[in-house]
Structure formats: C-alpha cells, structure tokens
Amino acid sequence: MAKYDLTGRTVLITGASSGIGRELSRCFAAEGSNLVLGCHPSEKESLEGLIAELAGSHGVRVSGLAIDLADSRGPEDFYHSVRRTAGRIDVLVNNAGVLHYGSFADIPLEDHELLVKLNVLAYLKLMRLFLADMVKAGEGRILNVVSAAAFQPTVHHATYGASKAFMQSLSEAVDQELRGTGVRVFTFNPSYTRTPLLSRGGFPVKIWWYRISGLSDPADMARQAVRVFKQGKPVFIPGLRNWLVHSILIRLMPRSLLNALGRWVLRAEG
Ligand SMILES: NC(=O)c1ccc[n+]([C@@H]2O[C@H](COP(=O)([O-])OP(=O)(O)OC[C@H]3O[C@@H](n4cnc5c(N)ncnc54)[C@H](OP(=O)(O)O)[C@@H]3O)[C@@H](O)[C@H]2O)c1
C-alpha cells in the first residue's frame, strides 16, 4: 500500500502544548504538513512559542486555538472555530488527555468527571464532527492517541484505563464502518511515557511496571507514531515487549489472574 503523503496536508492536533502532542506537532511539521494546534487556555503562551518555532524551522503554516475541551460546549466551539479559520482538516489527531492516579473511591467525583469529559467525550465529539466533513470530501485520517492502557483494566488508575478502552473500541469499530469512504481511524497506543501527565494527577514517581515497560521518550514515541501512521497501520503499540504484553499475553492469561497482577504491577514503588 502506498504511504500516506503528509506534505501540504492540514493536520489538527489537540493538547499540542506539551508532551506527546508537542512532539507530534514537530514531526508533522517536519513532514511538511500545515498545522492547527489546540491547547488548554492556560497554555496559550507556551503554544505561541511552539508555533513560532515550527513556522520558522519548517516553513509550514501553523496556527493555534486555545479552548477548554472539557467544557460542555468546548469540542463544538473548537470544531466551528477551526473550520472558520483553517477550512477543511485532512488529519485530526485527538491527543489532549488527563490521568488521575489513586483508589477509585478516593479520587474526587469531579476528577473522574473531568477525565471522562476530556478523554472520552471530547475525543468522540471531535471525531464525529470532523468525520462528517472527511466523508463528504471522500478522504481524511483520524489518529486517536489512546494508550497501551486500553487493552486491560488499569488498577489504581481505573477510570483512565476505562476511558482508553472506550476509545479503542470506538476507533476500531468506526474504522470498519468507514471502509470504502476514503476515511480511516487509527490508534496510537504507547506505554508509559515521560511527560507532564505522569508528574501530576497523583501519579507516583515510579510504579513497579516500569521494570517491564520502561519509561518512553515522547520525541521517540512521536517519531514512531508518524512513521507508522503514514504506513496505514490501524493499531500501533510501540516496542516489541509492550506489543507482546498488550497484544498477546493478555489474551492468553485468565482474566482473574491478569486483574490481580495489575493490582501488583501498577502500584507505586520506592
Ligand atoms: N504519558 C504517558 O505515559 C502516556 C501513555 C499513553 C498514552 N498517553 C496519552 O497521550 C496523550 C497526551 O498525553 P501526554 O502524556 O503528552 O500528557 P501532557 O503532556 O499532560 O499533555 C496533555 C495535553 O492535553 C492538554 N489538556 C489537558 N486538559 C485539557 C483541556 N481541558 N482542554 C484542552 N487541552 C487540555 C494539556 O494542556 P495543559 O498542559 O494545560 O494541561 C496538554 O497539552 C493523552 O491522551 C494521554 O492519555 C500518555
């Protein structure tokens, strides 16, 4: 299959001000794509720095939009602003997300609610809104940054894993529904990666699982994600060890054992 050429495409990335989103923005700019970058209103300044960097180094058009996607009308407002200012989007990268670590019973209800609004509802709404335009145009790509957490329950950050499982199931089903339309939905499923996500929301400095998964570098993750995205792989779990665990091992293991192991390996360490 021919590689998807990103040159001159318009790529929209949410949560572009830091972590994986920031690095994905750099990689798409290096491919010659024009970018529309989304960020939380509190990160507007840091996004402006990135916009200047990318427009200067790659000669591509880069614009930014600061909207809180967890607001009840956030995704809809974001969609209409993007359409008004940037026109049609070729590639939507759903990336903005949050994580809260701890016992489900102890995490405040508002935190669970915020996570679902951002990790599930905003992804779903943006996907639905931009898909309609893509189907009409007969082409388009959606890259949902999900997680290796999508494939099994994540004890001690239960709502996070559940939100990622929702998006995995949705993405894979919708991708099948879209066959023949020229539009595809892909997921990117990295394991734990060194970004601000893991230094807030009560996430421990270290969990036992890092002994197996390691802690990935966001720039490396983004490079691999864009390379594989161009190849058209629908679900991408980077790293052989992570792929073996999340794609093969979890299918062979009894569910009760898998869940009990999760309680141990995802606990704080040190
Ligand atoms: N890091 C990991 O271990 C890991 C592994 C697998 C998958 N992922 C996924 O990768 C994606 C990116 O995460 P990351 O690790 O790069 O974390 P990050 O550096 O914290 O990036 C998350 C981005 O989302 C933005 N955001 C948060 N709340 C928002 C809101 N209400 N409205 C709009 N934007 C908002 C953040 O802005 P602020 O900085 O202002 O909050 C930030 O730019 C997430 O979906 C995450 O679940 C991460």
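Residues numbered from 1 in each chain as written. Predicted model: local features only at pLDDT ≥ 70, side-chain atom pairs only at ≥ 80, totals over all residues. Heavy atoms only, no water.

A.B. asks: Would you mind going over the overall build of the chain with me for this structure?
C.D. replies: Of regular secondary structure, the chain possesses 9 helices and 7 strands. Expected size for 270 residues packed as a compact globule is a radius of gyration near 18 Å; at 18 Å, the chain falls within 12% of this value. A total of 270 residues make up the chain; the buried ones form 52% of that total. Across the chain, every contact between residues at least 6 apart in sequence was considered, and the portion connecting residues at least 24 apart equals 73%. Accessible surface, the chain as shown: approximately 12500 Å² in total, 56% of it carbon and sulfur. (Helix = DSSP H or I, 4+ residues; strand = E, 2+ residues; numbered from the N terminus. Rg over C-alpha atoms; globule rule 2.2 N^0.38 Å. Buried < 20%, exposed > 50% of the residue type's maximum accessible area, 1.4 Å probe, protein only. Contact = heavy atoms within 4.5 Å. Areas by Shrake-Rupley, 256 points an atom, 1.4 Å probe, with all protein chains shown as cover.)

A.B. asks: Could you clarify how one ought to interpret the side chain of Arg184 in this entry?
C.D. replies: Examined against the element boundaries, Arg184 turns out to sit in strand S6 (residues 183–188). In contact with Arg184, other than residues within four places in its own chain, are Gly140, Arg141, Ile142, Asp175, Arg179, Gly232 and Pro234.

A.B. asks: So what exactly am I meant to see when it comes to the packing of aromatic side chains here?
C.D. replies: Aromatic rings considered in pairs are described by the distance between their centres and by the relative angle of their planes. Summed over the entire model, instances satisfying the criterion amount to 8 aromatic pairs. When the ring of Phe186 is compared with that of Phe229, the centres are 5.6 Å apart and the planes differ by 80 degrees; the resulting orientation is edge-to-face. Of this pair, Phe186 sits in strand S6 while Phe229 sits in helix H7 (residues 218–231), and the two are 43 residues apart along the sequence. Pair check on accessibility: Phe186 and Phe229 agree, each one buried. Of the aromatic side chains, those joined through ring pairs into one cluster are Tyr4, Phe28, Phe186 and Phe229. (Phe/Tyr/Trp six-rings, centres within 6.5 Å; stacked < 30°, edge-to-face > 60°.)

A.B. asks: I would appreciate a short explanation of the packing of helix H1 (residues 19–30) against H7 in the present structure.
C.D. replies: The relative placement of two packed helices is expressed as an angle between their axes plus a distance between the axes. Contact geometry of H1 with H7 gives a least axis separation of 8 Å together with a crossing angle of 50 degrees. With respect to H7, the axis of H1 lies oblique. Along this stretch, H1 crosses H7, giving a crossing that reads as right-handed. Facing H1, whose interface residues are Gly19, Ile20, Glu23, Leu24, Cys27 and Phe28, H7 presents Pro218, Ala219, Ala222, Arg223, Ala225, Val226 and Phe229. Here the contact of H1 with H7 is composed, by residue class, of 10 nonpolar, 1 polar and 2 charged. (Axes fitted to C-alpha atoms, helices over the stretch in contact; angles between N-to-C directions. Parallel < 35°, antiparallel > 145°, perpendicular 65-115°, else oblique. Left-handed = near helix turned anticlockwise from the far one by under 90°. Nonpolar A, V, L, I, M, F, W, Y, C, P; charged D, E, K, R; others polar.)

A.B. asks: Please clarify how the side chain of Glu76 should be interpreted in this entry.
C.D. replies: Position of Glu76 among the secondary structure elements: in helix H3 (residues 74–86). Under the relative-accessibility criterion, Glu76 is labelled buried at 16%. Sequence-distant contacts of Glu76, defined by excluding residues within four places in its chain, comprise Lys125 and Leu129.

A.B. asks: Honestly, the site of the ligand in this entry has me stumped. Any pointers?
C.D. replies: Near the ligand you find 31 residues, and of these Ser18, Glu43, Asp68, Tyr160 and Thr195 are the closest. The contact in question runs from an oxygen atom of the ligand to an N or O atom on the backbone of Asn95, over 2.8 Å. In the environment of the ligand, an oxygen atom lies 3.1 Å from a nitrogen or oxygen atom belonging to the side chain of Tyr123. Taken together, the elements giving at least two residues each to the shell around the ligand come down to H1, helix H4 (109–137) and helix H5 (158–177). (Near = heavy atom within 4 Å. Polar contact = N/O pair within 3.5 Å; in protein donor to acceptor, adjacent residues only side chain to side chain.)

A.B. asks: So what exactly am I meant to see when it comes to the nonpolar core here?
C.D. replies: Most often, soluble globular proteins have nonpolar side chains that are buried together. Counting residues in hydrophobic clusters, the biggest one holds 59 residues, and the most contacted among them are Ile13, Leu24, Phe28, Leu35, Leu37, Val93 and Phe130. Ranked by residues supplied to this core, first place goes to H4 with 8 residues. The residues contacting Leu37, other than those within four sequence positions of it, are Ile13, Ala16, Ser25, Leu47, Leu50, Ile51, Leu54, Val62, Ser63, Gly64 and Leu65. Counting residues in each nonpolar core, the second largest holds 14 residues, with Leu99, Tyr192, Trp209 and Tyr210 among its members. (Core = buried A, V, L, I, M, F, W, Y, C linked by side-chain atoms within 4.5 Å.)

A.B. asks: How should I be thinking about empty space enclosed by the protein in this particular structure?
C.D. replies: To find leftover empty space, one rolls a probe the size of a water molecule over the atoms. Summed over the entire model, instances satisfying the criterion amount to 2 cavities of 30 Å³ or more. As a volume, the largest cavity reaches approximately 50 Å³. In terms of lining, the largest cavity is formed by His100, Gly102, Phe104, Ile107, Asp111, His112, Leu115, His157, Ala158, Thr159 and Tyr160. The set of elements that each furnish at least two residues to the lining of the largest cavity consists of H4 and H5. Looking at the lining of the largest cavity, its residues break down into 5 nonpolar, 5 polar and 1 charged. In this structure, the second largest cavity occupies an estimated 40 Å³ of space. At the level of secondary structure, the elements contributing two or more residues to the lining of the second largest cavity comprise S6 and H7. (1 Å grid on protein atoms, 1.4 Å probe; cavity = no way out; pocket = protein on both sides within 12 Å on 5 of 7 lines; lining within 4 Å. Points joined across faces, edges and corners; volume = space filled by probe spheres on them.)

A.B. asks: What should I look at first to understand unusual backbone geometry in this one?
C.D. replies: In most cases, non-glycine residues show a negative phi, while peptide bonds are predominantly trans. Positioned with a positive phi, His156 is a non-glycine residue whose angle comes to about 75 degrees. Following the sequence through the fold, His156 ends up in the loop between strand S5 (140–145) and H5.

A.B. asks: When you look at the packing of H1 against helix H2 (residues 44–58) in this model, what are you seeing that I'm missing?
C.D. replies: Following both chains from N to C, one finds H1 and H2 inclined at 20 degrees, their axes separated by 10 Å at the closest point. Comparing the axis directions of H1 and H2 gives the class roughly parallel. The interaxial crossing formed by H1 with H2 has right-handed handedness. Contact residues: Arg22, Ser25, Arg26, Ala29 and Ala30 in H1; Ser46, Leu50, Glu53, Leu54 and His58 in H2. Taken together, the residues of the contact of H1 with H2 break down into 4 nonpolar, 3 polar and 3 charged.

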